[in-house]
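What follows is each chain in one-letter form.
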Amino acid sequence: APPIATATILSTTTTPAYAKEAPVPITRELVTSAFDAIRLDLTAPDGVYSTLTNLINDGKFEDVMQYTKESDAYFRRGKIGKARKLLTDKDLKGEAIQMSNAVTFDLIGINRASRPGKENKEEQLKYLAVLKTDVERVLELEATIQVVDE
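Thresholds, definitions, all that
- Throughout this document, residue positions are counted from 1 along each chain, in the order its sequence is written.
- Totals for whole chains, interfaces and linings use every residue, but because this is a predicted model, local features are given only for residues with pLDDT of at least 70 and side-chain atom pairs only at 80 or more, for both listing and counting.
- In computing side-chain properties, one takes all heavy atoms of the structure into account and sets aside hydrogens as well as water.
- In DSSP terms, a helix is any run of H or I states spanning at least four residues, a strand is any run of E spanning at least two, and both are numbered starting from the N terminus.
- Note on classification: 1.4 Å probe, protein chains only; a residue is buried when its accessible area is under 20% of the maximum for its type, exposed when over 50%, partly exposed between these limits.
- Every residue pair with non-hydrogen atoms within 4.5 Å of one another is taken to be in contact.
- Every accessible area reported is derived by Shrake-Rupley at a probe size of 1.4 Å, with residue values counting cover from the shown protein chains alone.
- We define the bend at any residue as the angle between the axes fitted to the seven residues before and including it, ending there, and the seven starting there.
- Within this scheme the basic residues Lys and Arg register as positive and the acidic residues Asp and Glu register as negative, but His and the chain ends are omitted.
- In the sections that follow, a salt bridge refers to a side-chain nitrogen of Lys or Arg positioned within 4 Å of a carboxyl oxygen of Asp or Glu.
- Between the rings of Phe, Tyr and Trp (Trp by its six-membered ring), a pair exists once the centres lie within 6.5 Å; its type follows the angle of the planes, with under 30 degrees stacked, over 60 edge-to-face, and the other angles tilted.
- For a lysine, the NZ atom is tested; for an arginine, the CZ atom; a charge sits over a ring if that atom is within 6 Å of the ring centre and within 35 degrees of the ring normal.
- To obtain each axis, a line is fitted to C-alpha atoms, and for helices this fit is confined to the stretch in contact; angles are then taken between N-to-C directions over 0 to 180 degrees.
- Angles below 35 degrees are treated as roughly parallel, those above 145 as roughly antiparallel, those between 65 and 115 as roughly perpendicular, and all remaining angles as oblique.
- In this scheme, a crossing is called left-handed if the near helix is turned counterclockwise away from the far one by less than a right angle; it is called right-handed if the turn is clockwise.
- Here the nonpolar group is Ala, Val, Leu, Ile, Met, Phe, Trp, Tyr, Cys and Pro; Asp, Glu, Lys and Arg are the charged ones; every other residue, Gly included, is treated as polar.

## Points about the overall build of the protein chain
(1) Moving on: Scanning the protein chain for helices and strands turns up five helices and zero strands.
(2) Moving on: Along the protein chain, from the amino end to the carboxyl end, the secondary structure elements read α-α-α-α-α.
(3) Moving on: Scored against the burial criterion, the 150 residues of the protein chain give a buried share of 36%.
(4) Moving on: Taking all contacts inside the protein chain whose residues are at least 6 apart in sequence as the whole, residues at least 24 apart take part in 73%.
(5) Moving on: As displayed, the protein chain has an accessible area near 10,000 Å², and 55% of this comes from carbon and sulfur atoms.

## Details of helix H3 (residues 61-84)
(1) Moving on: Of all the bends in H3, the greatest, near 40°, is centred on Ser71.
(2) Moving on: Regarding H3, the residues found buried are Val64, Met65, Tyr67, Thr68, Ser71, Asp72, Phe75, Arg76, Ile80, Gly81 and Ala83.
(3) Moving on: Looking at the packing, one finds that the buried side of H3 touches helix H1 (28-43), helix H2 (48-57), helix H4 (90-112) and helix H5 (121-140).

## Considering the side chain of Asp106
(1) Moving on: Summarising the element assignment, Asp106 is placed in helix H4.
(2) Moving on: Buried charge Asp106 goes without a salt bridge, the closest partner of opposite sign being Arg137 at 8.5 Å.
(3) Moving on: Not counting residues up to four positions away in its chain, the partners in contact with Asp106 are Tyr127, Val130, Leu131 and Asp134.

## Here we look at the environment of Asn57
(1) Moving on: Residue position: Asn57 is located in helix H2.
(2) Moving on: Taking the relative accessible area as the measure of exposure, Asn57 reaches 41% and is therefore partly exposed.
(3) Moving on: A C-alpha to C-alpha distance of 8.9 Å links Asn57 and Leu125, two positions 68 residues apart in sequence.
(4) Moving on: Those residues in contact with Asn57 that lie beyond four places of it in its chain are Lys121 and Leu125.

## Topic: the packing of aromatic side chains
(1) Moving on: Throughout the structure, instances matching the rule amount to zero aromatic pairs.
(2) Moving on: Between the NZ or CZ atom of Lys126 and the centre of the ring of Tyr127, over which it lies, the distance is 4.9 Å.

## Regarding the packing of H4 against H5
(1) Moving on: Running from N to C, H4 and H5 cross one another at 160°; their axes reach a closest spacing of 9 Å. Classified by the angle their axes make, H4 and H5 are roughly antiparallel. Viewed along their axes, H4 and H5 form a crossing whose handedness is left-handed. Only Gln124, Tyr127, Leu128, Val130, Leu131, Asp134, Val135, Arg137 and Val138 of H5 make contact with H4, whose side of the interface consists of Glu95, Met99, Ala102, Val103, Phe105, Asp106, Leu107, Gly109 and Ile110.
(2) Moving on: Residue composition of the contact of H4 with H5, grouped by class: 12 nonpolar, two polar and four charged.

Purely geometric stuff here, so don't read any function into it on its own.
Right, dumping it as structure tokens:
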């Protein structure tokens, strides 16, 4: 009897190639919204700056420690990080990372001055003042961003 020919059919599924998602156009509205979120935390009665000021003035060292940790995540990484990603000036991007890091160091300074055995209101207030200045420097970056609709 003649040999039986067998064929193996290989089936491969290909996933469609997607183009990289187009970058979101940097509009004035987007920039204003991102920087207003930071500005609000600096000026609003329930913002990061006022909350820290009140906690420090009330001598709530443990609460200050917890709040500085939370602020680094949602304020520095979240809000400042979001605004930083909108920068259009390549040279400023590196500087903005340093500014963002400075905010972290300010929060760490406040945190350290709040730890058991190291409680120091004067030191907390010193770092809080530097924090305000560093955040104001971040806000100055808004004017450097080139937007699509202008």
